[in-house]
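Remarks on the overall topology
The lines below spell out each chain.
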Amino acid sequence: MVSLCVLGAMLATCFVTLGWSAPAMRQTELSAVRQAPCPTHPLGTDELGRSLLARTLYGGAISLSLGLLAAGVAVVIGAGYGAVAGYLGGRWDAIMMRLVDILYALPYMLLVMLLTVSLGAWLERWQLVGSEWSRFIVLALAIGSVSWLTMARVIRGQVLSLREQPFVEAARALGLPTRRILLRHILPNLIGPIVVFATLTVPQAILQESFLSFLGVGVQPPQATWGSLAADGVRMLNPVRFEWWLVAFPCVALSATLLALNFVGDGLRDAFEVRSTR
Amino acid sequence: MFRFILRRLLTFPLLLLAIYGGAVLLVTATPGEGLETGEKELPPEVLQQKRIAYNYDRISPVDGQIQPVPAWERYFWIWPKRLLWDGDLPAHQYEDWTVVEIMRSALPVSLQLGVLALALAVMLGIGVGVISAAQRGRWLDHVSVSLCLIGISLPTFVVGAALLIAVGLWLRAVPVGGWGRPTQALLPAITLALPYAAYIARLTRSAMLDAYAEDYIRTARAKGLPEWRVLLDHALPNALLPVLSYLGPAAAAIFTGSFVVEKIFTVPGMGTHIVESINNRDQSLILATVMVYSVFLASFNLIVDVVYGLLDPRIRVGAKAT
């Protein structure tokens, strides 16, 4: 419950202040470079004199929306794949699930990096969106498209038990097409696990993005996410000038949100598992 | 069991071929061949020489003219042959280095770090999970459950930076970077292992709690066995199965996750090479790295599956049982 409040507060502050933070995060103030937190700059400033408060808030909005988008992609692929595998059953199910087993052991980080760079190049070539945003979209797509495996497994398990239920048989007896049975009759019964795993995928996606940003394959500056801010901060760490605020605030925000998301996900899972064990 | 292993071994090359195909598609989808890097524009003669050296072009044996090499031949015949047979496939960005030389210098470091971290994660995770399950509901359990959640939620580079500052700079207990001495491996391995240790601890704990609910535990208790023997001899072996099946994904995540840790602790592993090669579209090094990691992880997974099959007879019957 507490974590739900934390999460709500974090979401609200990040998105409500977007109107102020989006322009403010780009504003450099060269007379106030690398300032420790003080009344005028509540969270301090970075090496270009940009307000860390604005950057953290803005980065939060980007991180969260990236996480949600990636989780959305993962849900669509995972739920679709799992539902089809579970519903078809038999040999198809075996083949499709073997594939998932195999995909589990791939070097994801490599694939995501590769996907990000190559998809990004395509988007830039077509000039669909500005280059700043193309990275964002590509990252969300790439992360989403590698994190659907667990989702697919869980959904498939659920569908396997659902398809034996009388109402599915009734729908089949009515002669409904498979697609309609899946979408209208089976999918609504899967909302529980889908919500649970979407909640658990969001922090994973945010975490992955932060790793990529740290390695320099994430969002491009001047864009910022919690991950890239923290990564920049870590990179600036040195024993001579200890600019702790550059690391501390993005990290606290990031960790608090991830913690809250994981908590909520766990709670939801426990809540739904009570029903699914019948 | 024999047929099970045989079937897996037969799908192995197919899988690798599929991965390689996918990687080639991704690499060729990016514009540029990674030859024109650098600030200055290369003179056309030099570029031409490079294109020949990297098998994008070749001199025709018939009429001595320069002609392009078909993509499929380059990626599926010439490069694999030069990499595996001749060992002289050059990396695009480091002109004097072959891919094999780069791998030889950097890969062992990354793999050592990964193996160390994996071992640490498994031992720590199972240990904490067992203790937590044995103490369920008491304060030690609560503490470890919350610690695990925090461990999963903290990004590696934050933990790494914190350890670096606390242990390396303030306590001056261990060197803050580099590679070669055991003390230098300590911090990176711990940093890399922590999130997975936390995950394994959660897995172990919930599997142990499931096992506690089984009849055979009640039987064991009824026999009058001491509690620690019930725990270790009866509950733990069954609780280890989910951990075992998590090892494959964990290995994949740890061995690629080490890139981040390598960067924090300036470990001379594959991490920097990979990031650079992807950013510079260094096709030969990207493909080779992806394949090396895929082969490594796929064989690791194969071993895990075989062990799993040996431990759990239900799997051997076939896919139906799952």
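Rules used in this analysis
- Residues numbered from 1 in each chain as written.
- Chains lettered and ligands numbered in written order.
- Predicted model: local features only at pLDDT ≥ 70, side-chain atom pairs only at ≥ 80, totals over all residues.
- Heavy atoms only, no water.
- Helix = DSSP H or I, 4+ residues; strand = E, 2+ residues; numbered from the N terminus.
- Buried < 20%, exposed > 50% of the residue type's maximum accessible area, 1.4 Å probe, protein only.
- Polar contact = N/O pair within 3.5 Å; in protein donor to acceptor, adjacent residues only side chain to side chain.
- Contact = heavy atoms within 4.5 Å.
- Phe/Tyr/Trp six-rings, centres within 6.5 Å; stacked < 30°, edge-to-face > 60°.
- Lys NZ or Arg CZ within 6 Å of the ring centre and 35° of its normal.
- Core = buried A, V, L, I, M, F, W, Y, C linked by side-chain atoms within 4.5 Å.
- Salt bridge = Lys/Arg side-chain N within 4 Å of Asp/Glu carboxyl O.

**Some points on the side chain of Ser 110 of chain B**
Residues and elements named next belong to chain B. Tracing the chain through its elements places Ser 110 in helix 4 (residues 99–134). The exposure class assigned to Ser 110 is buried, which follows from its relative accessible area of 1%. Within polar-contact distance, the side chain of Ser 110 engages the side chain of Glu 262 at 2.5 Å. Those residues within four positions of Ser 110 in sequence are excluded, and the remaining contacts are Phe 255, Ser 258, Glu 262, Gly 269, Met 270, Gly 271 and Tyr 293.

**A few points about the packing of aromatic side chains**
On inspection of all chains with the given rule, the structure shows six aromatic pairs over all chains. Relative to Phe 296 of chain B, the ring of Phe 255 of chain B lies with its centre 4.9 Å away and its plane at 80°, an arrangement referred to as edge-to-face. Placement of the pair is Phe 255 of chain B in helix 9 (residues 227–264) and Phe 296 of chain B in helix 11 (residues 283–311), with a sequence separation of 41 residues. Residue class for Phe 296 of chain B comes out partly exposed when judged on its relative accessible area of 27%. In textbook terms, an aromatic cluster arises when at least three aromatic residues are bridged by ring pairs, as seen for Phe 211 and Phe 214 of chain A together with Phe 157 of chain B. When the ring centre of Tyr 212 of chain B is taken as reference, the NZ or CZ atom of Arg 136 of chain B above it lies at 4.5 Å. Just above the ring of Phe 214 of chain A sits the side chain of Lys 263 of chain B; from NZ or CZ to the centre is 5.8 Å.

**Let's talk about the nonpolar core**
Met 113 of chain A together with Phe 157 and Phe 259 of chain B are the most contacted members of the largest nonpolar core, which has 141 residues in total. With 19 residues, helix 9 of chain B is the single largest residue contributor to this core. Residue contacts for Phe 157 of chain B: discarding those within four places in its chain leaves Ser 210, Phe 211, Phe 214, Gly 227, Ala 230, Ala 231 and Val 234 of chain A together with Val 260 and Ile 264 of chain B. Residues Val 75, Tyr 87, Val 159 and Ile 194 of chain A belong to the second largest nonpolar core, which totals 19 residues.

**Focus: unusual backbone geometry**
Backbone geometry at Thr 266 of chain B places phi at a positive 45°, although glycine is not the residue there. Among the structural elements, Thr 266 of chain B can be located in the loop between helix 9 and helix 10 (270–279).

**Some remarks on the pattern of salt bridges**
Residue and element names in this part refer to chain B. Scanning the entire structure with this criterion turns up four salt bridges over all chains. Of the charged contacts in the structure, one is a salt bridge between Asp 215 and Arg 218, with a shortest N-O distance of 3.0 Å. Placement of both Asp 215 and Arg 218 in helix 8 (residues 215–222) is noted, with a separation of three residues, approximately one turn of the helix. Judged by relative accessible area, Asp 215 falls into the exposed class, the value being 52%. A relative accessible area of 58% means that Arg 218 is categorised as exposed. In this structure, Arg 229 engages Asp 233 in a salt bridge whose closest nitrogen and oxygen atoms are separated by 3.1 Å. Of this pair, Arg 229 and Asp 233 both sit in helix 9, separated by four residues, roughly a single helical turn.

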